[in-house]
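Architecture and fold: a report
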Amino acid sequence: MTIQTVVVPDLGGAETVEVIELGLAPGDSVEVEDSLLVLESDKATMDIPSPATGVFTKYLVEEGATVSVGDPIAEIEVADEAAAEEPQPAAVEEAPADEQPIEAAVAEVAASSPASASELMIQVPDIGNDDKVDVIEICVAVGDEVSEGDTLVILESDKATMDIPSTHSGKVLKIVVAEGDKLGTGDDVALFEVTAGQEPAPEAAPEVAAEPAPQAAAPAPAPVAEAAPAAVAEETATTAGADVYAGPAVRLLSRELGVDLTQVSGTGPKGRIQKDDVSNFVKKVMQNKESAAAAPAAGGAGIPPIPAVDFSQFGEIEEVKLSKIQKLTAANMQRNWLNIPHVTQFDDADITEQEAFRKGLKAEGEKRGVRITPVAFLIKALAATLQANPIFARSMGADGQHVVQKHYINIGMAVDTPRGLVVPVIKDVDQKGIWEISADIMDLAAKARDGKLTPAEMSGGCFTLSSLGAIGGNGFTPIVNAPEVGILGVSKSQIKPVWNGTEFAPRLMLPLALSYDHRVINGGDAGRFMTHLVKLLSDIRHLAL
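These figures come from a predicted structure and were not determined experimentally.

A word on the overall build of the protein. For the protein, the helix and strand inventory stands at 10 helices and 28 strands. Buried residues in the protein amount to 42% of all 545 residues. Sequence separation of at least 24 residues holds for 67% of the intrachain contacts in the protein that already meet a minimum separation of 6. Summed over its atoms, the accessible surface of the protein is roughly 27,700 Å², and 53% of this surface lies on carbon and sulfur atoms.

This is the structure in structure tokens:
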């Protein structure tokens, strides 16, 4: 008998992986291809098979350990002749289709493709949505030379706009779609002429500009197999035990999508939560939310619909189609206006000294590469005001019988974009200074305009700021962004005469409008909130106290 050491085989490109399951005990009999242990990378879960028939001796690693290709992981006792005949393992046992490492799949396709192939059909990657969505823009033309990663077409669903990138470099021979067509995962987009023998690149997940709620628009695993419906349990189902049984890749995906894994039912071995489980959970939650949002838009609650009018009888007209984000924003605003008893309180803040101080930071900002705007001071002052008035960091429970008090301070800022209004959220504002807040504002505003915000960057807010800035206006009544209970509307600052006790002096005054949910906030709460905020904006030295 001979002791044979089993090592980590070629992982298809992954440098290191984690040991997540040890399933054998010393003395267990193993056959060729029996699973010895389970490894997990950020792309897949892989069973390491036994290279020979024999008796398992011991593991050389522990659960949670990180290993690389060639590292010893186990020992088995085999007959001498079996050890002599057994070839070295060349690769990991083939994983299921939805867990196979991307690099391994790429190598397999490249190996099976004829080296002389010069035409390739580019298809839509997994877009995290079972439904087909509209093509709103074709970004290439026949004859164009396209590099890998360049945008071919732009799709738009009711959740997001998505850039579909090219997975290869080559020349466009034919475009097989047109604006207005509907495409889904796996549908053909364009025929490419590629260099002979070029290795296909892994499909890239489309860039997403999502609405202000977690969505399944982030990179998702391979399409769910036909048996998947049985894997979709109720949203409220919890996993057994206090700890969630899921690997690092699944936990990372859940954090990106804002999913509580204790609410997800695992369909993997021993109830292990897989990426498909998280994606299916998000899809079901969003379907329920969309169904709930559709009712107010149809004129529910006994509200009569606005009659249709044929405007063409009065002159020339043009019908302009709304983007999906604009449609969803309209439905959300109507829902919030109908369900929340709004009250708006107005006040002015003297920001004369604050503006002088801000302008004095211009030189230092140029050195740091950060531009400080009045919004940064507003957000910093709001964070301090929320700390002093935590009732504004609450949300009304869905049952209407309790409120939820949040012990974190995340502030959303409304950004006007060509696709519609979006609200990225600056996290943990109370723990940041003006420079950090300004950098966050620049980064999130740029992503919003480019349509590259992720769902995680648009969720988790406690309070919203809607600033018209230099656009103009003396004031407006913002609509509360449920489930938050307050929103601050800021208009254009103006020089006004203010009585200082002896004379009228010119002061820079900033109009403020605080709208709040009167089910949670009363007039006294709003008065104290606004008074505190005005004091901080009028004398920013109070922010240091």
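The geometry of an aromatic ring pair is captured by two quantities: the separation of the ring centres and the angle between the planes. Evaluation of the coordinates by the stated rule reveals six aromatic pairs. Seen in terms of ring centroids, F56 and Y59 are 4.5 Å apart; in terms of plane orientation they differ by 55°. Their pairing is tilted. Assigned by exposure class, F56 and Y59 land together as buried. Looking at R368, its charged tip hangs above the ring of W435, at a distance of 4.3 Å from the centre.

Looking now at the packing of helix α8 (residues 374–388) against helix α9 (residues 434–450). Where α8 meets α9, the axes come as close as 9 Å, and the angle between the chain directions of the two elements is 115°. The hand of the α8/α9 crossing is right-handed. Contacts between α8 and α9 involve V375, A376, F377, I379 and K380 from the former and I434, I437, S438 and I441 from the latter. Residue classes in the contact of α8 with α9 are distributed as seven nonpolar, one polar and one charged.

Quick look at the pattern of salt bridges now. What the rule picks out here adds up to 14 salt bridges. Between E353 and R507 there is a salt bridge, and its shortest N-O distance comes to 2.7 Å. One end of the pair, E353, is in helix α6 (residues 352–360); the other, R507, is in strand β28 (residues 504–517), and 154 residues separate them in sequence. Residue R507 is classed as partly exposed on the basis of its relative accessible area of 21%. Across the salt bridge formed by D539 and R541, the nearest N and O atoms sit 2.9 Å from each other. R541 gets classed as exposed once you look at its relative accessible area, which sits at 64%.

What follows covers a nonpolar patch on the surface. Side chains of V309, F311, F314 and I317 sit close together on the surface and give an oily, nonpolar patch of about 440 Å² of accessible area. As for its placement among the helices and strands, V309 is situated in the loop between α4 (275–297) and α5 (324–339). Among the residues examined, V309 registers a relative accessible area of 44% and is labelled partly exposed.

Here V146 shows up in strand β11 (residues 145–146). Between the C-alpha atoms of V146 and K171, which are 25 residues apart in sequence, the distance is 6.0 Å. In this view, V146 contacts V140, L152, S166, H168, S169, G170, V172 and F192; residues no more than four positions away in its chain are not counted.

Along an α-helix, a turn takes 3.6 residues, which lines up residues three or four apart on a common side. For α5, which comprises 16 residues, the first-to-last C-alpha distance of 23 Å matches the rise-based estimate of 22 Å (1.5 Å per residue) to within 8%. Among all positions in α5, only K324, I325, L328, A331, N332 and N336 are buried. Around the axis of α5, the buried residues are gathered within 130° of arc, so they sit on the same side.

Reading across the sheet, the four strands line up as β1-β8-β6-β3 and stay open at both edges, with antiparallel pairing between neighbours. Each end of this open sheet is capped by a strand with a single partner; those strands are β1 (2–7) and β3 (29–30).

A separate point is the nonpolar core. The biggest cluster of nonpolar side chains holds 50 residues, and the ones touching the most others in it are I379, F392, L488, L512 and L514. Counting residues per element, the ones that place at least two in this core are α8, β21 (411–413), α9, β25 (463–467), β26 (486–490), β28 and α10 (523–538). Of all the elements, α8 adds the most residues to this core, at nine residues. Once residues within four sequence positions are removed from consideration, L488 is found in contact with L382, F463, T464, L465, S466, P478, L512, A513, L514 and L533.

Where β11 meets strand β14 (residues 170–175), two bridges bridge the pair, whose relative direction is antiparallel. Directly across from V146, in β14, lies its bridge partner G170. Relative to strand β16 (residues 188–193), β14 is paired through four bridges, and the arrangement is antiparallel. Within β16, the position partnered with V172 by the bridge is F192.

By the element assignment, Q431 lies in the loop between β24 (425–426) and α9. With 51 residues separating them in the primary sequence, Q431 and K380 have C-alpha atoms 9.6 Å apart.

Look at the link from A482 to P483: it is a cis peptide, with omega at 10°. Mapped onto the elements, P483 comes out in the loop between β25 and β26. A positive phi is found at E33, a non-glycine position, where the angle reads about 80°. Inspection of the secondary structure assignment puts E33 in the loop between β3 and β4 (35–40). The partly exposed category is assigned to E33, whose relative accessible area is 45%. For D428, which is not glycine, the phi dihedral falls at a positive 50°. Considering the arrangement of structural elements, one finds D428 in the loop between β24 and α9. Taking the relative accessible area as the measure of exposure, D428 reaches 33% and is therefore partly exposed.

Time to look at the sheet that holds β11. Ordered by their spatial adjacency, four strands build an open sheet running β9-β16-β14-β11, and the pairing between neighbours is antiparallel. Taken across any chain shown, the strands that pair with only one partner, and hence form the sheet edges, are β9 (119–123) and β11. Alignment of β9 against β16, held across five bridges, turns out to be antiparallel. Its bridge partner being in β16, M121 is matched across the sheet by L191.

A residue-level look at the protein finds 78% of positions with pLDDT of 70 or above and a mean pLDDT of 79. Per-element averaging of pLDDT across the protein places strand β17 (residues 207–210) at the bottom with 43 and β26 at the top with 97. A low-confidence stretch, residues 199–242 stays under pLDDT 50, and its non-local contacts, those more than four residues away or across chains, total 119 contacts.

Reading the values: rules and limits
Here, residues in each chain are numbered from 1, in the same order as that chain's written sequence. In view of the model being predicted, local features appear only for residues whose pLDDT reaches at least 70, and side-chain atom pairs are presented and counted only at 80 or more, with totals across whole chains, interfaces and linings using the full set of residues. No hydrogens and no water enter the side-chain calculation; it runs on all heavy atoms of the structure. Numbered from the N terminus, helices here are DSSP runs of H or I no shorter than four residues, and strands are runs of E no shorter than two. Here the term buried applies to any residue with accessible area under 20% of the maximum for its type, exposed to any over 50%, and partly exposed to those in between, with areas from a 1.4 Å probe on protein chains only. Here a residue-residue contact requires only that any non-hydrogen atoms of the pair lie within 4.5 Å. Every accessible area reported is derived by Shrake-Rupley at a probe size of 1.4 Å, with residue values counting cover from the shown protein chains alone. Classification of ring pairs uses Phe, Tyr and Trp, with its six-membered ring standing for Trp, and accepts pairs whose centres are within 6.5 Å; under 30 degrees between planes counts as stacked, over 60 as edge-to-face, and the remaining range as tilted. Ring-over charges, as used throughout, are those where CZ of Arg or NZ of Lys falls within 6 Å of the ring centre and within 35 degrees of the ring normal. Every axis in this analysis is a line fitted to C-alpha atoms, fitted for helices over the stretch in contact. Angles between the N-to-C directions lie between 0 and 180 degrees. Handedness of a helix crossing follows the sense of rotation of the near helix relative to the far helix, less than a right angle counterclockwise being left-handed and clockwise being right-handed. Three classes are used: nonpolar for Ala, Val, Leu, Ile, Met, Phe, Trp, Tyr, Cys and Pro, charged for Asp, Glu, Lys and Arg, and polar for all others, with Gly counted as polar. Salt bridges are counted wherever a side-chain nitrogen of Lys or Arg sits within 4 Å of a carboxyl oxygen of Asp or Glu. Patches draw on residues past 30% relative accessible area with no salt bridge. Two like charges within 9 Å are joined, as are two nonpolar side chains (Val, Leu, Ile, Met, Phe, Trp, Tyr) within 5 Å. Here the expected span of a helix is defined as 1.5 Å times the quantity of residues minus one. The arc refers to the directions leading from the helix axis to the C-beta atoms. The rule for pairing is simple: two strands pair if DSSP sees at least two bridges between them. Within this scheme, the nonpolar core is defined by two criteria: the residues are buried Ala, Val, Leu, Ile, Met, Phe, Trp, Tyr or Cys, and they are joined through side-chain atoms within 4.5 Å. Confidence scores labelled pLDDT are given residue by residue by the predictor and lie between 0 and 100.

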